[in-house]
Each structure stands twice: as structure tokens, then as C-alpha cells.
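For reference, the chains in residue letters:
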There are 2 protein chains.
Amino acid sequence: MPITVVGSVAYDSVETPSGRYDRKLAGAATYFSLAASFFAPVRVIAVVGEDFGPEQEAVFHARGIDIQGIEHAPGKSFYWEGSYLDNLNEAKTHNTELNVFATFEPKIPAAYADSDFLFLANIDPVLQRRVREAMPDVKLVAGDTMNYWIKDHRPALLEVLKGLDILLINDTEARMIAGNPNLLQAARGVMALGPKSLVVKHGEYGATLFHKTNPGSIEQHTFRAPAMLLEEIIDPTGAGDSFAGGFFGYLASQPTITPDAYRRAMFYGSVMGSFACERFGTERLQQLSRKEIDDRFIHFRRLTHLD
Amino acid sequence: MPITVVGSVAYDSVETPSGRYDRKLAGAATYFSLAASFFAPVRVIAVVGEDFGPEQEAVFHARGIDIQGIEHAPGKSFYWEGSYLDNLNEAKTHNTELNVFATFEPKIPAAYADSDFLFLANIDPVLQRRVREAMPDVKLVAGDTMNYWIKDHRPALLEVLKGLDILLINDTEARMIAGNPNLLQAARGVMALGPKSLVVKHGEYGATLFHKTNPGSIEQHTFRAPAMLLEEIIDPTGAGDSFAGGFFGYLASQPTITPDAYRRAMFYGSVMGSFACERFGTERLQQLSRKEIDDRFIHFRRLTHLD
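Conventions adopted
Residues numbered from 1 in each chain as written. Chains lettered and ligands numbered in written order. Predicted model: local features only at pLDDT ≥ 70, side-chain atom pairs only at ≥ 80, totals over all residues. Heavy atoms only, no water. Contact = heavy atoms within 4.5 Å. Buried area = accessible area lost by both parts, 1.4 Å probe. Salt bridge = Lys/Arg side-chain N within 4 Å of Asp/Glu carboxyl O. Helix = DSSP H or I, 4+ residues; strand = E, 2+ residues; numbered from the N terminus. Nonpolar A, V, L, I, M, F, W, Y, C, P; charged D, E, K, R; others polar. Expected span 1.5 Å × (residues − 1). Buried < 20%, exposed > 50% of the residue type's maximum accessible area, 1.4 Å probe, protein only. Least-squares fit on C-alpha atoms with pLDDT ≥ 70 in both. 1 Å grid on protein atoms, 1.4 Å probe; cavity = no way out; pocket = protein on both sides within 12 Å on 5 of 7 lines; lining within 4 Å. Points joined across faces, edges and corners; volume = space filled by probe spheres on them. Axes fitted to C-alpha atoms, helices over the stretch in contact; angles between N-to-C directions. Parallel < 35°, antiparallel > 145°, perpendicular 65-115°, else oblique. Left-handed = near helix turned anticlockwise from the far one by under 90°. Pairing = 2+ DSSP bridges. pLDDT = per-residue confidence, 0-100.

Caption draft 1: Representation of the interface of chain A and chain B within the structure. Of the residues lining the interface, 37 residues belong to chain A; the matching set on chain B comes to 38 residues. Summed over both sides, the interface between chain A and chain B buries roughly 3,400 Å², with carbon and sulfur atoms accounting for 47% of that surface. At the surface where chain A touches chain B, the tally comes to six salt bridges. For the salt bridge of E204 of chain B with R175 of chain A, the shortest nitrogen-to-oxygen distance reads 3.3 Å. Counting only elements with at least two residues in the side of chain A that touches chain B, the list comes to helix 6 (171-178), helix 7 (183-191), strand 12 (207-211), strand 13 (222-225), helix 9 (259-276) and helix 11 (290-304) of chain A. Considering only residue class, the side of chain A that touches chain B consists of 14 nonpolar, nine polar and 14 charged.

Caption draft 2: Quick peek at helix 9 of chain A. With 18 residues, helix 9 of chain A ought to run about 26 Å at 1.5 Å a step, and its terminal C-alpha atoms sit 26 Å apart, in line with that. Most of helix 9 of chain A sits out of view: 15 of its 18 residues are buried.

Caption draft 3: Local environment of the relation of the copies chain A and chain B. Superposing chain A onto chain B takes a rotation of 180° combined with a translation of 0.0 Å along the rotation axis, leaving an RMSD of 0.0 Å. Those values place the two copies in the arrangement expected of a two-fold rotation axis. A high fraction, 100%, of the interface residues of chain A reappear at the interface in chain B, so the copies pair face to face through one surface.

Caption draft 4: Here's a closer look at empty space enclosed by the protein. Tallied over the entire structure, the rule returns one cavity of 30 Å³ or more. Its boundaries defined by the atoms lining it, the largest cavity holds a volume of some 130 Å³. As for the largest cavity, its lining consists of 13 residues, and the residues nearest its centre are Y205 and P226 of chain A together with Y205, A225 and P226 of chain B. Here the lining of the largest cavity is built from residues that sort into seven nonpolar, four polar and two charged.

Caption draft 5: Main features of the packing of helix 1 (residues 28-36) of chain A against helix 8 (residues 239-252) of chain A. All names here are of chain A. Axis separation between helix 1 and helix 8 bottoms out at 7 Å; the angle between their running directions is 40°. Classified by the interaxial angle, the pair formed by helix 1 and helix 8 is oblique. Crossing of helix 1 against helix 8: the hand is right-handed. Here helix 1 contributes A28, Y31, F32, A35 and A36 to the contact with helix 8, which in turn contributes D241, S242, A244, G245, G246, F248 and G249. Residues belonging to the contact of helix 1 with helix 8 are distributed by class as follows: seven nonpolar, four polar and one charged.

Caption draft 6: Focus on the pairing of strand 13 of chain A. Residues and elements named next belong to chain A. Burial of the side chains of strand 13 extends over both faces: T222 and R224 are buried on one face and F223 and A225 on the other. In this sheet, strand 13 lies alongside strand 12 in antiparallel orientation, the contact comprising four bridges. Of the residues in strand 13, the one forming a bridge with L209 is F223.

Caption draft 7: Geometry of unusual backbone geometry. If you check the backbone angles, R23 of chain A has positive phi at about 50° while not being a glycine. With relative accessibility at 40%, the residue R23 of chain A sits in the partly exposed group.

Caption draft 8: Expanded view of the sheet that holds strand 12 of chain A. Residues and elements named next belong to chain A. What the nine strands build is an open sheet, ordered 5-4-1-8-9-10-11-12-13; its pairing is mixed. Here the strands that pair on one side only, and so sit at the sheet edges, are strand 5 (66-72) and strand 13. Adjacent strand axes in the sheet meet at a mean angle of 15° when their direction is disregarded. Summarising the sheet, strand 10 (residues 166-170) and strand 11 (residues 197-201) pair through five bridges and their orientation is parallel.

Caption draft 9: The sheet that holds strand 2 (residues 10-16) of chain B, seen in detail. Residue and element names in this part refer to chain B. Pairing is mixed in the open sheet, where four strands are placed in the order 3-2-6-7. Either end of the sheet is taken by a strand with one partner, and the two such strands are strand 3 (19-26) and strand 7 (92-97). On average, adjacent strands in this sheet sit at an angle of 10° to one another, irrespective of strand direction. As defined by bridge partners, strand 2 adjoins strand 3 across six bridges and the pair is classed as antiparallel. Bridge pairing in strand 3 links D12 to K24.

Caption draft 10: Region of interest: the confidence of the model for chain A. Residue-level pLDDT values for chain A average 94, and 97% of them are 70 or greater. At the level of chain-chain contacts, confidence expressed as ipTM amounts to 0.90, with global pTM at 0.94.

Caption draft 11: Molecular detail of helix 8 of chain A. In this model, helix 8 of chain A (14 residues) spans 20 Å end to end at C-alpha, consistent with the 20 Å of a helix rising 1.5 Å per residue. Helix 8 of chain A sits mainly inside the fold: 13 of its 14 residues count as buried.

Caption draft 12: Fine view of the pattern of salt bridges. Taken as a whole and assessed by the stated rule, the structure comprises 40 salt bridges over all chains. The residue R20 of chain A makes a salt bridge to E15 of chain A at a minimum N-O spacing of 3.7 Å. Residue classification places R20 of chain A among the partly exposed positions, given a relative accessible area of 48%. Given the relative accessible area of 29%, E15 of chain A is considered partly exposed. For the salt bridge of D295 of chain B with K291 of chain B, the shortest nitrogen-to-oxygen distance reads 2.6 Å. In this pair, D295 of chain B and K291 of chain B both sit in helix 11 (residues 290-304), four residues apart, roughly one turn of the helix. Judged by its relative accessible area of 56%, K291 of chain B is exposed. Linked by salt bridges that have partners in common, R129, E133, E159 and K162 of chain A make up one network.

Printed below as a string of C-alpha cells:
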């Protein structure tokens, strides 16, 4: 079933212990849609500047991604500059330029209206909410956020959380939202704000899925997926968005969304996140085959299953 | 098959966010032997002072642990004082008194000579090596160590590593020993120093087992066990030693030690580590049933298995 994603299509300059690059195509919606495109049809809502042309469009078209919802505006695309020199698990931001994103008014193409799945990538919660309200008929809504919105835009973020089926965040973000250092208690606190399911990503240690089935015993309804131990983490940028793309893309590929489908989705999320780290930027996601994805899924199963 | 463990039998004063206690029976050999006693016969080599009497002996006897190798010396038992107020994953040491441990000369009772399994808990590597050499006929030797020995007693520690079948340490210790921040590369570096298998404990994120089967591809021979998400981590003291007791105890209970047995041992290690954190000191391990252990094993399987 088709997924619509709203989020940033951007340029990144990044330095990691393995090297650096300048102004490569990036952004949460880019990583998400590339990863999800291996599982389901994907449609993007974003805004780009005059620096986004046929070469960048080709990256999406090569994966069959619908980009008629990417609006072109005068000026430059969103730009982010960061490094992971001290800690591969956490980016240090050196520069953020909103550029065309500063005045972004998301418009949903008529052709997107029959999307069953909606992913609200990490952008201003005001925009997330606007897109959510413009697509009232979607069946499943997932979203992401980050420390900046949690700290300084809490009221707007709380409105978004109310409308989410699934929230995907990391440990620090879960603890920040709930104001509780204990992960299980933090998960319960976050889910009390709206999301029926919560995926907490632990970087190199994998991720945990919580379901709101019975508030008194969510530890009975959790699932843990591992992460891949990589010989070299070339570039962690986009790993979380790629996780979300694999996770949500897999759910969208299923005829019915069972608890077992959620568990397998966690594995596919972890698989796509691991690929994203293997090369700079989106390189690995652009040159990936479904067979490689399925082989890594089998590897993850062997890594965690007793028999 | 019987396990002999050498390590500290001590008194701890500990403060955690859940409360505090003064001079409770503790020490690596105590936690290890209580946890392992649910799986195999355990024999302890240690030294205690005049503060260790019938009440403490009863704790071991209640679990059928052989303590004829616990030597009584004039003076006080080893004493440790620490807290986990800022970070439940890492103890802050306030005071360490070696006391009778300062002049400890391990002696192995004749009745221990037929032990098939030997565990060298976290003590001076010079003592670990002496016990290892005094028991040349054991079939499987595992050990633990800590940052203090890695930093300031490296030559003695390297001698111990040469003679180990299995080393159990945490992430920070693995990275310190190998001098490499990448976990996979650090694991390979540590195993090049001797241990045929390496268990790296990740605290609340579980643990990873590495096997030295083919140096070029250890990532193909890894296994990840989860940790339990606990409503409240009352006291993490002894969790690592309890993990080691569950892991090594389970291996000692097996007629043949297969790769599958290693995987299940990782689960039992994680199970025993999780119980240790549920109450202060050794309280939970003293009041535990085999049924509770097996139920939690099943919970861990559900937590990680796709079907």
C-alpha cells in the first residue's frame, strides 16, 4: 500500500572518522523514501531550492519514488553541516540553514490522496500536524522527532503525538519526552501522550518496540531487534530515517498488520539502518538489491535466535 | 560438572536511586556462585576476615555451595563502598579496603581437584594466574577483569588472557584492552590475545558473544542476547558476576558444549543478571526458584524471536 512521507530533502556536509563530503543529497525524507521504496510505493512531500535539479530527481526516479509533491521554490535547499568525530552515535551540528524550508507550506498532490500510510519525518511539528490533518483518511500514521522540537516546541509536538499510531525515536528522546531516565517507565510515559506503538532506537545496540495493549504490563508486549556489528561505520547520517523506512515500508507491504508483522518490521528497520551506515550519504541505499536485504534479514535472525 | 570459582567474598556499602545499605555480604565470587548454583555444583576459593561467620556461611550452604576453600584470616574481609546515583550502568567507587585480600595466597582444597570448570572472577591477575596454574586439568576456563587491572596491571593480565577459553567483560573494558573504539574490531583484538570466546556485556542492552572460529569473519559467529527491561533497577551491583554465573553454570550443566549451548548460556546469563538487579545485594538470588529462571528464559525468547 502506498506511503506518503513529508520531511526534508536537503544537502548535507558531513565529517566522520572515515572521511568527509560536501553538499551531498540528503534529508530525512530522502533516506526514508529510498529505504521504504524496497517494500512499497513511496510519495514525497517536501520543498527544494534551485540547487535541486534533474540529477537529484534521478535518484528518486531510479527507485520508482513519486516526487510530484516536491515543490520547487526560489533560493537554496535545506542545508545541514555536522560531524561524528568524537561519538558515532551522536552528530555534532556545525551549521543548519533552513533556506526554502523556512516558509514551507506543504501541499498534498491529488494523486497522493489515496495513500494508506503516512510518515511524518523529523520536521517542525506544526508542519507535521498540518499534513496529518490534510490526510484524514490514512490508515496508519508514524512519525519521528528530535531533541530541538522536544525542548523548545513541546506544545506543538504534543499535538502531533496525539495523532500518531507509531512514534520512532531514540533513547535520549524518549527519556526527554517523558522526563524519566528508566526506559520502560519512559516508554509508558511517551505512549500515554498518544502513540499506540513506540519504537526506541538504541544505535549500535538495536531497537525496542513497545505496544500499548495493556498499560499495566507493556514489558510483556515488547520486542527487541539487534543492530548489525559493522567492521566500519562509515557514516551514521540517515540511519534512523532508513530504519523508519524499512520498518514502515515493510508494514505497508503486508496485507494485514499482525503482531508478527511488527516484529519482522523491526528486523527490516534494523537491516536498512545498517546498510545506510556502510557508505557515505545515500550511496549504499542507492546501490542495494532486495536479495542483499533478505540475506541480511537471515543474518539478523541467526544473530538472535536460539535455533 | 563442578565449577571452582576464585574471587572476592566481601562486604559492600552501596547507594542507588532506590536506597542504600551498609556492609552486606557481597563480592564477585558470592554473586557468581549463587547464580551458578542453580545449574551446577559450585566450589569457592576466597579469603574472609573475622567478620565472616555462621550467618554468612549459611547463605552459601542454603544453595549447596562448597566453601571449604574459603580461608579465614585475622582481620576484616574485603570491603567496597560505591554508588550509582548519576548512572545506573557505572558504579562510582567511594572506598575500597583490600583488608585480608592484601596478602591472599589462594590454596586449592584437594576435594576441588576434580573440577572441570574454573571461573577466575575479577581479582588481581597474578592471583588468577596462580589458581589457573594450580588447576591444570580443568576443561574450560573463563574469567573477568576490570578497568583497574587493564590500565595498571597489563602485563599480568595479558598472561591470564593467554590461558582463557572465555573472557566476560563490558564494552568499555573490551575497547580499553584492544585500544579500538569499534566493537567488532575491539572483539577481534581482544581475542587475538588468547580467549577463544568473548562475551561483551552491554548493560541494559544485553550482551554479545563472539567465537574465534575464523578470524576473518567473526561477525558471522556472533550472538546477541537481550537484557530485561526492568520497572526499577534497584541495585546493579553484582549483575555482571550473576550474568557470568548463569552463563558458565549453564555450560557446566550440559553433557556436551555445542554452539547451541553457548547461545542458551547467553540467555541464562542475561536472565540471572536481570534477577540480580531486582533487589538490594544478593537478596533476589537468595530467594529465587528454578521455575522463575525458566519462566524468564521463555520471556527472553518471546522478546527476541520472530516466531
